Amino acid sequence: MSRLLAILFAAFTLAACGSLPRDAFTASDLAAEAPKGLNDIRFNASDAEAGIRFAEAARTRRANQKTFDVLAISGGGSNGAYGAGVLVGWTKTGQRPEFDIVTGVSTGALTAPFAFLGPDWDRRLTEAYTSKAADKILEKRGIDLLFRPGFYDTKALRALVDKYVDAPMLYAIAMEHAKGRRLLIATTNLDTEETVIWDMGAIAARGDEASRKLFQDVLVASASIPGVFPPTLIEVEGAGRKLSEMHVDGGVTIPFFVAPESLLLWTAPKAGEARPGHITVLVNGKIGGAFGFTKGGTLSVVGRSWLTMSKALMRTHLTASAAFARRNGGSLVYAAIPDDAAVDTSGLDFSADNRRTLFDLGKRRAEMEIAWAQPAIPEAAPPVIAAPSSPPAASR
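About the criteria used
- Residues numbered from 1 in each chain as written.
- Predicted model: local features only at pLDDT ≥ 70, side-chain atom pairs only at ≥ 80, totals over all residues.
- Heavy atoms only, no water.
- Helix = DSSP H or I, 4+ residues; strand = E, 2+ residues; numbered from the N terminus.
- Buried < 20%, exposed > 50% of the residue type's maximum accessible area, 1.4 Å probe, protein only.
- Contact = heavy atoms within 4.5 Å.
- Areas by Shrake-Rupley, 256 points an atom, 1.4 Å probe, with all protein chains shown as cover.
- Core = buried A, V, L, I, M, F, W, Y, C linked by side-chain atoms within 4.5 Å.
- Pairing = 2+ DSSP bridges.
- 1 Å grid on protein atoms, 1.4 Å probe; cavity = no way out; pocket = protein on both sides within 12 Å on 5 of 7 lines; lining within 4 Å.
- Points joined across faces, edges and corners; volume = space filled by probe spheres on them.
- Nonpolar A, V, L, I, M, F, W, Y, C, P; charged D, E, K, R; others polar.
- Phe/Tyr/Trp six-rings, centres within 6.5 Å; stacked < 30°, edge-to-face > 60°.
- Lys NZ or Arg CZ within 6 Å of the ring centre and 35° of its normal.

**Student:** Explain the overall build of the protein chain to me, and be specific about the residues and the numbers.
**Tutor:** A count of helical and extended segments in the protein chain gives 12 helices and 12 strands. The buried share of the protein chain, taken over its 396 residues, is 54%. In the protein chain, of all internal contacts separated by at least 6 residues, the share reaching a separation of at least 24 is 80%. Accessible surface, the protein chain as shown: approximately 17,900 Å² in total, 56% of it carbon and sulfur.

Right, here's the structure in full:
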C-alpha cells in the first residue's frame, strides 16, 4: 500500500501540469438522458429509471424465469489474477453456473467478458492474467509525463485489451445478449461524479468497428486508476456539439456492482417481478482488518487510512447487497483473498510471479471448495431502513 501511495504522490507532483486536451462544456450542454447514440447502451447507477432498466434486463432471460443470478467482480488491479483463478478452479469442480447478469468494475471489467462467456473461455482468461502480455501494464512514461495526466501509460493495457477483445469475442457476447443475458461494466464519469453502467452486450450487438472501439474504451476506462493511468475520453454528442466525457476507474464510486442504487433498498412484490436468486461476488483483494504498525510519516498515515476506508466500504457494500438478496428470497456468497495470505495485494505488483501466485491461490481454493463465504448480516433489517414495496415507477 505504501508503494501505491508513493506512486500516487509522485503522479500528483510530477504530472500536476499534465492535461488531456478537451473543449470545456457545462451541464446545460449535456442531454437530460444519455447522450445521443448512447441512451440504449448505458445508464447512471443513481438514475430513477436505472432500477427499471436493470429489472427489464433481468426479466428478458426467460419468460417463465422468476429469479436472476448475478456474478459481480470487483476491482483490485493485479489482484484480478486471484478472481480469474477462482473462476478457472470453479470450472474444475463442475459446479460453475451460467449467470444471467455478469458485472465488472476496474480489473473486474477485464475479467467480466471471459466470465460472461463461460468455461470455454477459461484458457484465454488464464492467458490474459498469467502470460507475459501483462508484464508491462505499469509501463513508465517519458517526458510526456509532464504534459498528460497519469504516472503510467495505458499502451500496454490497451494492447492487452485489443488482443483479447476481438471480433469472435464480440460476436459471442452479442449472441448471449440476444438470449437475454447481460454483461454490465461500471466506469466513473468525473464530469458528472456518477457511476455509469454500460450494457456491453448492446454495444457488441452493433457489430461495427466503432462499437469494438467503444467496448475497448469502456474496459480501459473502468480499469484506469486515477493518477496512476490517464483517464479515457469518450466522445459523445451533447446539445448540437461534440463533447468528450472523462471516464476513470469504476472503483472510484463503487467497489462492485450488484444492482442500481435505487434497487438495493427495494423489496420485490410477492408476484410479478423478477427477483434475485444467487448473487456471487468475486472480491479481488482482502477485506478483513489486520494489525499493522503505522509509521508517523504522511505517506504511511494516508496509505493506512485509504486501505482502511476501502476495506470498510467493501464490507458495507457486501452487507447491503447480501441484505438485498435475502430480503428478496435470494442469497449472496463472496470469495476474497484470505486475510492471512502471504501475497502482495497492493494491486500494483504485475510481476509474473505475483500474478501466478494469486491465480494459483484462487484456483486452488475454488477447487477445494473453500473459496466461498457469506457476509454476516442481522436477522432482520432495522425498521428505519425498511424499503418500499416496489421501486419508484417500477409497476408502470
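**Student:** For the nonpolar core, give the residues involved together with the corresponding values.
**Tutor:** In this structure, L183, W198, M200, F215 and L219 are the most contacted members of the largest nonpolar core, which totals 69 residues. Apart from the residues within four sequence positions on either side, L219 is in contact with A109, L110, P113, V161, V165, I185 and M200.

**Student:** Can you lay out unusual backbone geometry for me, pointing to particular residues and giving the numbers?
**Tutor:** Even without glycine at this site, S106 takes up a positive phi of about 60 degrees. Phi at E369 is positive, roughly 60 degrees, even though this residue is not glycine. Tracing the backbone through its elements, the reader meets E369 in the loop between α12 (352–367) and β12 (372–373). On the accessibility criterion, E369 (49% relative accessible area) is partly exposed.

**Student:** An account of the pairing of strand β7 (residues 194–199) is needed here, citing residue identities and associated values.
**Tutor:** Counting buried residues along β7, 6 of its 6 residues qualify, which places the element largely inside the surrounding structure. Sheet topology places strand β1 (residues 42–44) next to β7; 3 bridges connect them, and they run antiparallel. By the bridge assignment for β7, F43 is matched with I197. Bridge analysis of strand β6 (residues 182–189) against β7 gives 6 bridges, and the strand direction is antiparallel. What sits directly across from L184, in β7, is D199. Here β6 folds back onto β7, and the loop between the two strands holds 4 residues, one of which, E193, carries a positive phi near 60 degrees.

**Student:** Which residues make up empty space enclosed by the protein, and what values go with them?
**Tutor:** If you walk through the whole model with that rule in mind, you get 1 cavity of 30 Å³ or more. Size it by volume and the largest cavity reaches roughly 320 Å³. What lines the largest cavity is a set of 23 residues, among which T107, L110, Y129, L157 and L160 lie closest to the centre. Class assignment of the residues belonging to the lining of the largest cavity gives a composition of 18 nonpolar, 4 polar and 1 charged.

**Student:** Which residues make up the packing of aromatic side chains, and what are the values?
**Tutor:** According to the stated counting rule, one finds 3 aromatic pairs in the structure shown. Residues W90 and W372 carry aromatic rings whose centres are separated by 4.7 Å and whose planes lie at 55 degrees to one another, so their mutual orientation is tilted. One end of the pair, W90, is in helix α3 (residues 80–93); the other, W372, is in strand β12, and 282 residues separate them in sequence. Among the residues examined, W372 registers a relative accessible area of 26% and is labelled partly exposed. What links up through ring pairs into an aromatic cluster is the set W90, F99 and W372. The ring of F116 is capped by R181, whose NZ or CZ atom sits 4.2 Å from the centre of that ring.

**Student:** Mind laying out the pairing of strand β3 (residues 101–105), listing which residues take part and the relevant values?
**Tutor:** With respect to burial, β3 is a largely interior element, 5 of its 5 residues being buried. Neither face of β3 is exposed, since I101, T103 and V105 on one face and V102 and G104 on the opposite face are all buried. The pairing of β3 with β6 spans 5 bridges and is classified as parallel. Each residue of the ladder has a partner; that of T103, found in β6, is L184.

Nothing here speaks to function; it is all geometry.
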